[in-house]
Every structure is written in structure tokens, then in C-alpha cells.
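Close look at the chain arrangement
Chain by chain, the residues:
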Amino acid sequence: MSISLVSNAYLDEHSAKIRAKPVPWEGYQRAGLITLEELSLIKKVDRQSRAKVESLLVSDGPTYALLYLRLLKKLQRIDTQSCILVLIADALTDHEERIPWFTNASQTDLELPYGPLLRILDSQDDFVQLKATQILTVLLSSEKSPLQPQQLHPFLNTLALFVVNTSPHKRDIAVQCLEAILSRPECRRSVWTNTSLVGGLVDILRHNPTPQMSYQIGFCLWLLTFEQEVAEQIQKRFDIIPLLVDVAQGAAKEKVIRVIVATFRNLVSKAPQANLPAMLVAQLLPFAKNLSGRKWTDEDITEDIQFLRDELSARFESLTTYDEYRSELLSGHLSWTPVHESDLFWKENATKLNDNDYELLKILIRLLNESNDPVVLAVASHDVGQYVKHYERGKKILTDLGGKTRVMELMSHPNSDVRYQALMAVQRLVSHPWAAV
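None of the values given here were measured: they were computed from a predicted structure. (Residues numbered from 1 in each chain as written. Predicted model: local features only at pLDDT ≥ 70, side-chain atom pairs only at ≥ 80, totals over all residues. Heavy atoms only, no water.)

1. Details of the overall build of the protein
The line we're drawing: Comment: elements are numbered from the N terminus, with helices defined as DSSP H or I runs of at least four residues and strands as E runs of at least two. Buried, partly exposed and exposed residues are distinguished by accessible area as a fraction of the type maximum, computed with a 1.4 Å probe on protein chains only: under 20%, between the cut-offs, and over 50%, respectively. Two residues qualify as a contact provided that any one of their heavy atoms is within 4.5 Å of a heavy atom in the partner residue. Where accessible areas are quoted, they stem from the Shrake-Rupley method and a 1.4 Å probe; at the residue level, only the protein chains shown are allowed to cover. Only four residue types enter the charge count, namely Lys and Arg as positive and Asp and Glu as negative; His and the chain termini do not. Every charge is mapped to an atom, namely NZ of Lys, CZ of Arg, CG of Asp or CD of Glu.
Within the protein one finds 26 helices and zero strands. Dimensions of the protein, computed from the C-alpha atoms along their principal axes, are close to 95 × 50 × 35 Å. By the burial criterion, 53% of the 437 residues in the protein qualify as buried. Taking contacts inside the protein between residues at least 6 apart in sequence as the whole, the part at least 24 apart equals 72%. For the protein, the accessible area works out to roughly 20,200 Å², and carbon and sulfur atoms hold 51% of it. Looking at the protein, you have 48 positive and 53 negative side-chain charges, and the mean spots of the two groups are 3 Å apart.

This is the structure in C-alpha cells:
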């Protein structure tokens, strides 16, 4: 993997300035911080032409790789660290075959190459942090054996800080780094356990990023969903399906749609039970049918759209009205679909909210307690009112589960529709004597 895979204008501009800055190598030698031999070697490449440095690397590359890492390990000044990081990156640019020069340094010193690079991730200097991150991405993604937690966790924690940072350079570089390492299964598993990192990616996607950033985050999510655990839990933890549908519907670039459709294919293939309810509510099947009527330049997207359309059609066509209501409830995205206001539906299905130890009733109460969406609160208040209207014993059950208290609180909600639906539900809760005491 080339270092240019993680590219950024900020890094390029600052690297050019740093190449021209002098570093007091002789002073370090006089202070006993570097040896005469190290001084002699570094002076041969310091502020020299690219051609001269290249000739030295061709003849003595592993020696220079070890020199750079040793200097990085023992010198603390930010300008010096910046210079060494630029020398390392320049050596690796367009030369993947040189990566083993650096990764093999562990044979000489067990702390190399990762110890010094991981340590300076805590630097207060943005350039040092970002340049070290760029180099670490190249080295880590090229390792032949699985990465160890002590290598991976500090690196991922830094990326997690970058994705929530206001600096566009940090967000951009963090996402590029993730794209590069998520092809490795151990990296996917480690990233998934880093909730703030995944949450940061999703949050960027929620705030109307550029088409390129949408694609890059979509690519990261696609890679993550190759893991079974991720496919099973990502919708529940991050409500990703309606977001991805929105992004794909608004996307002008084919590659954005392609990577999102590929992600949906993973979710349907690996964990249909966890993801189909949200796909039904997010109207993914009509969207897939719409996509199948378009012309695409990439054959993969055509195949994935066809798979998605056929799979969703087969799974959704036999759904009853109650199945659709259940899917809506499980997704957490309640809206005024016709089923909620159908008296016949509630007469036939109110008692089904008691199934599986009141599973759906408990979800309604959880939404009443946790949602900030006025539409969800209004619909959920309406539904518990319908439940007790058509199932008299439900009043005591709802009270015991804490639902009555919460609905009464919502009578003073700022939103008028929430207040009205809560009032109607409370009237139904108190309008008849207890039948189940």
C-alpha cells in the first residue's frame, strides 16, 4: 500500500515547508543525544535533493529506515519529529516494496517501528499527529500477521478523536485511514468495539457531507458489515438504514449509491431478522425498484440492486398488516401510517402486544420514554390509548410497566399533537373501572 492512499492537501503543504527547515543535528550530537555515525548518516539526506536521497535509499535503504525510527524514538522536539516523519513518508511514497525496511526494524529493537509512532499520536502538534497517523496506516495495513491490540487500540482511539474533531483535515485523514485498514478482519472487529469511532462516522453522514466523504464513509460501513456481529447490531445501535436510504436517494454520484446498495446486500444476506423491519419502514423496496429502472455503468451495482429487489419482494409480499405494524415498531420510526388509525386493526390485534412477555408494548413504552421526535411520541401515545381501549385489562399492565406515568407527563409536552394524543390516551386509561385488579 502506497502512502499516497492517505493523501491530504494540509499534509502536503506542511511537508514541503518542513523539508526546507534546518534541524540542529550537530547540537544533538554535542549534547549526546545522537551518535557521530547517526549524525553522518542524517546529514547526507537532510535538505538534499530528492534524487540524491533516492540514490542513498537505493543503496542503503534499511539502514536509513532504522536510523529514522531510532531518531524518532529519542528526539522530542516537534520540529525535529516533523522532519523525521517527512523523511519516512518520502521514503515510502510510491515504494510499497520499502515497507518491510520499517516493519522489520523490530528484529533490531522490539519497540520499533510502532512504539515511537504510537507515542507521538499524543503530540499537541497537529502535523506530527496527522503525519504519524498516515505512516502508521501504511505500516499497519501491510503487516503479514494479525495486528496486536497494543498496536491497534491507541491508533483507533486517535482516529475516534479525529472523526469528532471540528478540523476537516483530521476528519478527512481519519476516514481515509479507516478505508485502508478495514479490509483486515481484526481491524473490523476492533473498530466495531470502538463505539465513539463508529458513532463519529455515522454522525458525519448525518450532517450532509460532500459526495466524496459520503462515499468514503459508505465504503467503511460496507467493509464493517462483512462481520456477522456488525450486520446483526448496526441498525439497532446506530439506526443506519433510514440514514443510508436518505443518503442514497439524495446522491448524484453512482459510486455513493453503489457502496450503499452493497452495504444493504450485506445486511440482508447476513442478518435479515435484524434489518428487514427497518428496511420495510424506510421504503427500501420501492427505492430498489426505482433504482433497477436506471442505467448504470458498473455491473456490480446492477447485480446488487437486482438481489436487493428480489430478496425484499420475496420477504415482504406475504406480510400481514400486523407484520408491517410490528416492523414499524421494531424500527423505532413510528409515523401516521393508516394502520394506527384503523379501528378494525386494533380490535383484531390489540392483545398481540402482550405476546412474548409484552415485547411490543414494552417497545412502545420505551419509545415514549426515550424518543425526542414529536411524531413518534404522538403516535406511541395514540397506540397505547388504542391498546387499553380494545383490551380493558391492559390498563393495569400499562400502569405496572410505567407507561401510564409517562403518558401523563406527555400531557404537558411542548408539541400540541403530543399533548392531544397523550390526553386522549389518559382519558381511556381512567375512563373505566379496573377490570383486572
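2. Side note on the layout of surface pockets
Keep this limit in mind: Only protein atoms enter the 1 Å grid used here, on which a cavity is any set of points holding a 1.4 Å probe that cannot leave and a pocket is any open set flanked by protein within 12 Å on both sides along at least five of seven lines; residues with an atom within 4 Å of a point are listed as lining. Grid points are joined across faces, edges and corners, and a volume is the space filled by probe spheres set on the points. Each residue gets one of three labels, nonpolar for Ala, Val, Leu, Ile, Met, Phe, Trp, Tyr, Cys and Pro, charged for Asp, Glu, Lys and Arg, and polar for the others, Gly among them.
Approximately 930 Å³ is the volume attributed to the largest pocket. For the lining of the largest pocket, the secondary structure elements donating two or more residues are helix 14 (228-238), helix 17 (272-281), helix 19 (299-316), helix 20 (321-331) and helix 22 (355-370). When grouped by side-chain class, the residues that make up the lining of the largest pocket number nine nonpolar, seven polar and nine charged. Estimates place the volume of the second largest pocket at around 300 Å³. As for the second largest pocket, its lining consists of 15 residues, of which Leu280, Val281, Gln283, Glu328 and Thr337 are closest to the centre. When grouped by side-chain class, the residues that make up the lining of the second largest pocket number eight nonpolar, four polar and three charged.

3. Brief notes about the nonpolar core
Note on soluble globular proteins: their nonpolar side chains tend to be buried together. Rule in force here: Working definition of a nonpolar core: buried Ala, Val, Leu, Ile, Met, Phe, Trp, Tyr and Cys residues. They are joined through side-chain atoms within 4.5 Å.
Counting 118 residues, the largest nonpolar core has Trp25, Tyr68, Leu178, Phe264 and Met279 as the members making the most contacts within it. At eleven residues, the largest contribution of residues to this core is made by helix 4 (residues 50-74). When neighbours within four sequence positions are excluded, Phe264 is seen to be in contact with Ile241, Leu244, Val245, Met279, Leu284 and Leu308. Grouped together as the second largest cluster of nonpolar side chains are 34 residues, Phe345, Ile365, Leu367 and Val384 included.

4. Here we look at helix 23 (residues 374-390)
Owing to its 3.6 residues per turn, the α-helix brings residues three or four apart onto one side. We count it as follows: Expected span, for any helix, means 1.5 Å times one less than how many residues it has. Whenever a nitrogen or oxygen atom comes within 3.5 Å of another N or O atom, the pair is scored as a polar contact, on the condition that within protein one atom can donate a hydrogen and the other can accept it, and that pairs from neighbouring residues in sequence are kept only if both atoms are in side chains.
The terminal C-alpha atoms of helix 23, which comprises 17 residues, lie 24 Å apart, in line with the 24 Å expected from a rise of 1.5 Å per residue. In terms of burial, helix 23 is largely enclosed, as 13 of its 17 residues are buried. You can read the cap of helix 23 off the contacts: a side-chain oxygen lies 2.9 Å from the backbone nitrogen of Val375, and it is on Asp373.

5. Structural notes on the pattern of salt bridges
What counts is decided by this rule: A carboxyl oxygen of Asp or Glu within 4 Å of a side-chain nitrogen of Lys or Arg is what we treat as a salt bridge.
Taken as a whole and judged by the stated rule, the model has 26 salt bridges. Linking Asp46 and Arg47 is a salt bridge whose minimum nitrogen-to-oxygen distance equals 4.0 Å. For Asp46, a relative accessible area of 7% puts it in the buried group. Across the salt bridge formed by Lys170 and Asp126, the nearest N and O atoms sit 3.1 Å from each other. Of this pair, Lys170 sits in helix 10 (residues 168-181) while Asp126 sits in helix 8 (residues 126-141), and the two are 44 residues apart along the sequence. Here the residues in one salt-bridge network are Lys73, Asp109, Glu111 and Arg119, joined through shared partners.

6. What about the packing of aromatic side chains?
Worth spelling out the cut-off: Each aromatic pair joins two rings of Phe, Tyr and Trp (for Trp, the six-membered one) with centres within 6.5 Å, and gets the label stacked for planes under 30 degrees apart, edge-to-face for over 60, and tilted for any other angle. Geometrically, a lysine NZ or arginine CZ counts as sitting over a ring once it is within 6 Å of the ring centre and also within 35 degrees of the ring normal.
By the definition in use, this model includes ten aromatic pairs. Through successive ring pairs, a cluster of aromatic residues spans Tyr215, Phe219, Trp222 and Phe226. Lying over the aromatic face of Trp192, Arg237 brings its terminal NZ or CZ to 4.2 Å of the ring centre.

7. Some thoughts on the packing of helix 8 against helix 10
Where we set the bar: Lines fitted to C-alpha atoms define the axes, with helix axes restricted to the stretch in contact, and inter-axis angles between N-to-C directions lie between 0 and 180 degrees. Oblique is the label for any angle not under 35 degrees, not over 145, and not in the 65 to 115 range, which are roughly parallel, roughly antiparallel and roughly perpendicular in turn.
Taken N-terminus to C-terminus, the directions of helix 8 and helix 10 make an angle of 10°; their axes are 9 Å apart at the nearest point. Viewed along their axes, helix 8 and helix 10 adopt a mutual orientation that is roughly parallel. When helix 8 is examined against helix 10, the residues Asp126, Gln129, Leu130, Thr133, Thr137 and Ser141 are found in contact with a partner set consisting of His169, Lys170, Ile173, Cys177, Ala180 and Ile181. Here the contact of helix 8 with helix 10 is composed, by residue class, of five nonpolar, five polar and two charged.

8. Points about the side chain of Asp304
Mapped onto the elements of the fold, Asp304 is located in helix 19. With sequence-adjacent residues up to four places away left out, Asp304 is seen in contact with Val261, Ala262 and Arg265.

9. Here we look at the state of the cysteines
The condition that has to hold: Note that a disulfide, as used here, is simply two cysteine sulfur atoms within 2.5 Å.
For the structure shown, the criterion picks out zero disulfides. Residue Cys177 stays outside any disulfide, its sulfur separated by 9.9 Å from that of Cys220, the closest cysteine.

10. Focus on the packing of helix 1 (residues 9-19) against helix 5 (residues 78-92)
Axis angle and axis distance: for two packed helices, these are the angle between their axes and the distance between the axes, and together they describe the pair. Heads up, the rule is: Each helix crossing is assigned a hand: it is left-handed if the near helix lies turned anticlockwise from the far helix by less than a right angle, otherwise right-handed if that turn is clockwise.
Packing of helix 1 against helix 5 leaves a shortest axis separation of 10 Å and a crossing angle of 110°. Looking at the two axes, helix 1 sits roughly perpendicular to helix 5. Of the two possible hands of crossing, helix 1 and helix 5 adopt the one that is left-handed. Where helix 1 abuts helix 5, its residues Ser15, Ile18 and Arg19 lie against Ser82, Cys83, Val86 and Asp90.

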